[in-house]
Amino acid sequence: MKILFVCTGNTCRSPMAEALARHLLAEYGVEPRSRGIFTWEGIPASPEAVEVLRRRGIDLSAHRAAQLRPEDVAWADVVLAMTAAHREALLAAFPEAREKIWTFAEWVSEVSGRDLGGDIEDPAGKGIEAYEATAARLEELLHALADAFSSGKLGVAAVSGNGPDGDAQNASEADAPARGAEALSGGTAEEGRPDGDAHA
Ligand SMILES: N[C@@H](Cc1ccc(OP(=O)(O)O)cc1)C(=O)O
């Protein structure tokens, strides 16, 4: 499953989410990527983000901020915004991808069946403790996702031994929550669209 994490600058929240997801969800076939909607292309992750991940044994020093592009959205199976404001910006820019655009907490709540809260606020400028809190919050959501994978609520791609029939390749698509599943099955943008524009 290709997961695209989106924040503002791609220097704090989404790079942390990407690196933590790679660390915590690799065994479930998750491919994470991160982008910013308004970033300064090529700058490193914030030193505090690098530090709190270093404490977890993860090296974020090679990260460079990258601007979100349409091909990133096309690449992703699911696009996870850090806040509702990011989600609204994404929905406005990529209405054709609306079925796969969520906030991170909203999507994990959906797939796990638990209420996992709301926005992940920007820790920039708030000190290392704010980054620690952000990392802990991201880990909470990623652990809930790991639980969803391991309990079969989410399908696991390209990992053997998780399901009885070994049909792992399509499982993540088949098991995705409704809005995501529609997007993954393709063609939903066409559904409900009148053949002509007579009423436009
Ligand atoms: N603070 C930056 C923009 C910015 C905002 C948030 C931010 O954090 P994140 O990478 O988590 O969106 C990074 C950068 C500015 O004033 O231009």
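Note that the structure is a prediction, hence the values are computed from the model and not measured. (Residues numbered from 1 in each chain as written. Predicted model: local features only at pLDDT ≥ 70, side-chain atom pairs only at ≥ 80, totals over all residues. Heavy atoms only, no water.)

Novice: Would you take a moment to explain the overall build of the protein chain for this structure?
Specialist: Secondary structure assignment for the protein chain yields eight helices and four strands. Reading the protein chain from its N end, one meets helices and strands in the order β-α-β-α-α-β-α-β-α-α-α-α. The buried share of the protein chain, reckoned over its 200 residues, is 48%. Pairs at least 24 apart in sequence give 69% of the contacts found in the protein chain among residues at least 6 apart. On the protein chain, roughly 9,600 Å² of surface is accessible, and the fraction owed to carbon and sulfur atoms is 51%. (Helix = DSSP H or I, 4+ residues; strand = E, 2+ residues; numbered from the N terminus. Buried < 20%, exposed > 50% of the residue type's maximum accessible area, 1.4 Å probe, protein only. Contact = heavy atoms within 4.5 Å. Areas by Shrake-Rupley, 256 points an atom, 1.4 Å probe, with all protein chains shown as cover.)

Novice: What should I look at first to understand the packing of helix H1 (residues 13-25) against helix H2 (residues 47-54) in this one?
Specialist: How two helices pack is summed up by the angle between their axes together with the distance between the axes. Where H1 contacts H2, the two axes come as close as 10 Å, and the packing angle between them is 20°. The angle between the axes of H1 and H2 places the two elements in the roughly parallel class. H1 and H2 meet at a crossing whose hand is right-handed. Where H1 abuts H2, its residues Met16, Ala19 and Leu20 lie against Ala49, Val52 and Leu53. By residue class, the composition of the contact of H1 with H2 is six nonpolar, no polar and no charged. (Axes fitted to C-alpha atoms, helices over the stretch in contact; angles between N-to-C directions. Parallel < 35°, antiparallel > 145°, perpendicular 65-115°, else oblique. Left-handed = near helix turned anticlockwise from the far one by under 90°. Nonpolar A, V, L, I, M, F, W, Y, C, P; charged D, E, K, R; others polar.)

Novice: Would you take a moment to explain helix H4 (residues 84-93) for this structure?
Specialist: Two residues of an α-helix separated by three or four positions point the same way, owing to the 3.6 residues in each turn. Burial in H4 covers these residues: His86, Arg87 and Leu90. The buried residues of H4 all sit within an arc of 100° when viewed along its axis, so they share a single face. Of the exposed residues in H4, the ones pointing more than 90 degrees away from its buried face are Ala85 and Ala92. (Arc of directions from axis to C-beta.)

Novice: Where do I start with the sheet that holds strand E1 (residues 2-7) in this structure?
Specialist: Hydrogen bonds between backbone groups are what pair the strands of a sheet, and the pairing can be parallel or antiparallel. Pairing within the open sheet is parallel, and its four strands lie in the order E2-E1-E3-E4. Strands with a single pairing partner mark the edges of an open sheet, and in this sheet they are strand E2 (31-36) and strand E4 (101-103). Across the sheet, the mean angle from the axis of one strand to that of its neighbour is 25°, orientation sign disregarded. Most of the contacts of H4 go to E4, to which it runs at about 170°, and overall it touches E1, strand E3 (78-81) and E4. (Pairing = 2+ DSSP bridges.)

Novice: Help me understand the site of the ligand in this model?
Specialist: Near the ligand you find Cys7, Thr8, Gly9, Asn10, Thr11, Cys12, Arg13 and Asp122, and these make up its full shell. Between the ligand and the protein, one listed contact pairs an oxygen atom with a backbone N or O atom of Gly9 at 2.9 Å. Within the backbone of Asn10, a nitrogen or oxygen atom sits 3.2 Å from an oxygen atom of the ligand. Protein coverage of the free-state accessible area of the ligand, which is 410 Å², stands at 60%. Split into classes, the residues belonging to the shell around the ligand amount to two nonpolar, four polar and two charged. (Near = heavy atom within 4 Å. Polar contact = N/O pair within 3.5 Å; in protein donor to acceptor, adjacent residues only side chain to side chain.)

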